[in-house]
Amino acid sequence: MRRGPGVTFAALLVAAALAAPPGGAHGPGASEPTGLFPHAIAVGDLNGDGVPDVVVPAAAERKVTVLISDGKGGFVGNDAYPAGIGPTWVELGDFNGDGKLDLVVTNTGGGTLTLYYGDGAGRFGHPQEIAGVRGPVSAVAVDVNHDGLLDLVVAQAGESRLLVLENRGGRLTPGVSYPVGRGPHIVSRADLNRDGLPDLLVGTFARHTISVLLGRRDGTFLDAREVPTGRFPHYMVVGDWNRDGHPDLAVACAGDDAVVVYQGDGTGDLRKTGTLPTEANPHGLAGADVHGDGPVDLVVSTRSAGIHSIFLGDGRGGFKPGPRIRLDADIIALAAADLDRDGRIDLVMVSASHHAVLAYRGDGQGRFAPFHQAGGR
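Not measured: the values here are computed from a predicted model. (Residues numbered from 1 in each chain as written. Predicted model: local features only at pLDDT ≥ 70, side-chain atom pairs only at ≥ 80, totals over all residues. Heavy atoms only, no water.)

Visitor: Honestly, the pattern of salt bridges in this entry has me stumped. Any pointers?
Guide: Side-chain pairing between opposite charges can occur once the charged atoms of the two side chains come close. Inspection of every chain in the model, using the stated rule, returns 14 salt bridges. With a shortest N-O distance of 3.3 Å, R134 and E159 are connected by a salt bridge. Of the two residues, R134 is situated in the loop between β9 (124–130) and β10 (136–142) and E159 in the loop between β11 (151–156) and β12 (161–168); the sequence distance between them amounts to 25 residues. With a closest N to O distance of 3.0 Å, R168 and E166 form a salt bridge. Here R168 falls in the exposed class, since its relative accessible area comes to 53%. One network of salt bridges, with partners in common, ties together D340, D342 and R361. (Salt bridge = Lys/Arg side-chain N within 4 Å of Asp/Glu carboxyl O. Helix = DSSP H or I, 4+ residues; strand = E, 2+ residues; numbered from the N terminus. Buried < 20%, exposed > 50% of the residue type's maximum accessible area, 1.4 Å probe, protein only.)

Visitor: Teacher, can you tell me more about the sheet that holds strand β8 (residues 112–118) here?
Guide: Neighbouring strands of a sheet are bound in pairs by backbone hydrogen bonds; such pairs are parallel or else antiparallel. Taking strand neighbours across the sheet as the criterion, the four strands line up as β6-β7-β8-β9 in an open arrangement whose pairing is antiparallel. The sheet terminates laterally at β6 (87–93) and β9, the two strands that pair on one side only. Across the sheet, the mean angle from the axis of one strand to that of its neighbour is 20°, orientation sign disregarded. For β6 and strand β7 (residues 102–107), the ladder comprises six bridges, and the chain directions are antiparallel. Note that in β7 the partner of V90 across the bridge is V105. (Pairing = 2+ DSSP bridges. Axes fitted to C-alpha atoms, helices over the stretch in contact; angles between N-to-C directions.)

Visitor: Can you walk me through the sheet that holds strand β23 (residues 297–302) in this structure?
Guide: If you walk across this open sheet you meet the four strands as β22-β23-β24-β25, and the pairing is antiparallel. Because the sheet does not close on itself, it has two edges, and the strands there are β22 (282–288) and β25 (319–326). The mean angle between the axes of side-by-side strands here comes to 20°, regardless of whether they run parallel or antiparallel. Alignment of β23 against strand β24 (residues 307–313), held across three bridges, turns out to be antiparallel. Bridged to L298 within β24 is F311.

Visitor: What exactly am I supposed to notice about the environment of E279 here?
Guide: You can see E279 is positioned in the loop between β21 (270–277) and β22. Judged by relative accessible area, E279 falls into the partly exposed class, the value being 24%. Sequence spacing of E279 and S301 is 22 residues, and the spatial spacing of their C-alpha atoms is 8.6 Å. The contact partners of E279, leaving out residues within four places of it in the chain, are D257, T302, A305, I307 and R324. In this structure the side chain of E279 is engaged in a polar contact, spanning 2.8 Å, whose partner is the side chain of R324. (Contact = heavy atoms within 4.5 Å. Polar contact = N/O pair within 3.5 Å; in protein donor to acceptor, adjacent residues only side chain to side chain.)

Visitor: I'm lost on the side chain of T204 in this one. Help?
Guide: Along the polypeptide, T204 turns up in strand β15 (residues 199–204). Of the polar contacts made by the side chain of T204, one reaches the side chain of T209; its length is 2.8 Å. The contacts of T204, once residues within four sequence positions are left out, are G181, R182, G183, P184, T209, S211, E226 and P233.

Take a look at the structure:
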């Protein structure tokens, strides 16, 4: 879905409906319903059983879906919780310091956030609505002021700012904000200069850049520095591609049908080192050792082609094409995790066109298939 920052939320949903891939690919196999137009994904162990669970916001239904994994590639729980207008992002974190994961939903259409506290058994209650956050499109949990409590940084598309919500005893309160490139989309955290302090990165739709904000010891951030990237940057992954100890970056750029790869030098600077061509309209991106040989690999999903690519890392900063996943599904987001406890990386993918989550089992060699077709128990 290619859009500028001024597109209305209603237009966003129409574009999502038209972005389904053409026929000819395999069907998606087993799936778990999420609600209309799921838009993002968060993965974490919500009930303490050692298996990652899945949370997905449904942009057209004002709800967030919590899927509890069964440890075999399926799900034993599917619960929906109310959210605000147009929920498009979800972030997990322990915001009240009780050792249990909570969740925050960005309600892009309503200009609010919804915070739910987790009970450690996979259920959520005591919702808190945070109003007055105009155009929230994504968020990342990070301890900004180094007090041991997770704060929240929200990307505001229409404002072209990153807003810090300070954690005051488990309640998130809007605080300082920072200007970034026009049309910010997905915000991420990293320690780019290896000083032990969190830094922020956000892709910008209108300028086709990555805004980088380095953290300072007083809990603030330096002014944003823009790094050129491809058109319409979506998901990004931070990793160490060449194993030199410095964080590197990869960005899925929907407008160029490519993943742009950067090398970090440990000071906060990023140097473009390559472009990996994908099929049409890449969105989702995950980094994990899917081949089982040590280096980080990249998995990228597309919204308009029905073909999703795997790039195998060589441990020296380069990537080569690996197996592909062919399925008739508009995959807007995905995550890599071991869903069946076999020590191999699996994939959980969000299909906007099927309004569902798809779980694919990895074979440890970079190939994936639906759990029910891959010998899933």
